Structure formats: structure tokens, C-alpha cells
Amino acid sequence: MGYMHQVFLGGKGVYACRDCHTHIALRSRVESKQYTGQYGRALLFVDVVNVRAGDEDKRSMTTGVHIVRDIYCMRCNKYVGWTYIKAFEPDQRFKEGKFILERERIYDVTREWGVY
Ligand SMILES: [Zn+2]
């Protein structure tokens, strides 16, 4: 975590921060769309870029207790989702090291270009 330089993602299906348009993730790196965040729909990504993580927090979720860190856009510092550090339920361990992005906080650059 913690990139020194802003990374630009190429190709189709690039998700960016809704506020400052910094590229954050590729649609091809989505593992699941069946997640719910604080603002509704959320997506699970294998990896993301241009974010910084906050402090570790132990949270009780519908799928059990997890250690997570909220993640923020590196450029504008807005909350965009969280990353799973540790899952206590064995069947949830596949999420460790992966990232949740709130659909509300990101937009598909290639699909919604010009909307703003
Ligand atoms: Zn931003």
C-alpha cells in the first residue's frame, strides 16, 4: 500500500474517484460485485492503486469479524472503501489482502465519460 506516484490505468473499464477522477482500479480486477458497503453496492477487487489506508479496525460484519483498514483516495483523501487485513472465519479468508470499493464513491471512466 502507499504509492509515491499516481498510477494511470489504461484500457477499458477503469474505475476512478468520483471527486477527483484519480484512477483507482480496473474492472478486470473485480472479483465480486455481491458486496454491500456503507453507501450501498460495493465491489471486491483483487488490487487497487492510488489509495492510502487508515488505521486497523476490528469490525463485526454479516460475514463475521474482520480486521480492516478504510482506504482513501490518495489525491483528494475521500473515503472510497476498505481493505481486509484478516478474517476470523476460515471461509472468509479469501478476502484477506483484497479491497472493497464503494460503488457510490467511484465511477467507470470509460463508460461514464462526459457525465460530469
Ligand atoms: Zn479522489
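Residues numbered from 1 in each chain as written. Predicted model: local features only at pLDDT ≥ 70, side-chain atom pairs only at ≥ 80, totals over all residues.

A.B. asks: Explain the sheet that holds strand S2 (residues 23-26) here, please?
C.D. replies: The strands that make up a sheet are held in pairs by hydrogen bonds between backbone atoms, and each pair lies either parallel or antiparallel. Taken in spatial order, the 3 strands line up as S2-S1-S9 in an open sheet, and their pairing is antiparallel. Every other strand in the sheet has two partners, leaving S2 and strand S9 (106-108) as the edge strands with one partner each. Pairs of neighbouring strands in the sheet enclose a mean axial angle of 30°, with direction left out of account. One ladder, built from 3 bridges, connects strand S1 (residues 14-17) with S9; its direction is antiparallel. Bridged to Ala16 within S9 is Tyr107. (Pairing = 2+ DSSP bridges. Helix = DSSP H or I, 4+ residues; strand = E, 2+ residues; numbered from the N terminus. Axes fitted to C-alpha atoms, helices over the stretch in contact; angles between N-to-C directions.)

A.B. asks: Even after reading the chapter, I still don't get the environment of His5, so can you show me in this structure?
C.D. replies: Structurally, His5 can be placed in the segment before S1. It is 9.9 Å that separates the C-alpha atoms of His5 and Val49, two residues lying 44 residues apart in sequence.

A.B. asks: How should I be thinking about the sheet that holds strand S6 (residues 64-73) in this particular structure?
C.D. replies: Here 6 strands make up an open sheet; going across it, the order is S3-S4-S8-S7-S6-S5 and the pairing antiparallel. Looking along the sheet, the strands with just one partner apiece sit at the ends: strand S3 (30-37) and strand S5 (51-61). Strand-to-strand, the axes of this sheet are offset by a mean angle of 30°, without reference to chain direction. Of the strand pairs in this sheet, strand S7 (residues 79-87) and strand S8 (residues 99-102) are connected by 3 bridges, and their pairing is antiparallel. Each residue of the ladder has a partner; that of Trp82, found in S8, is Ile100.

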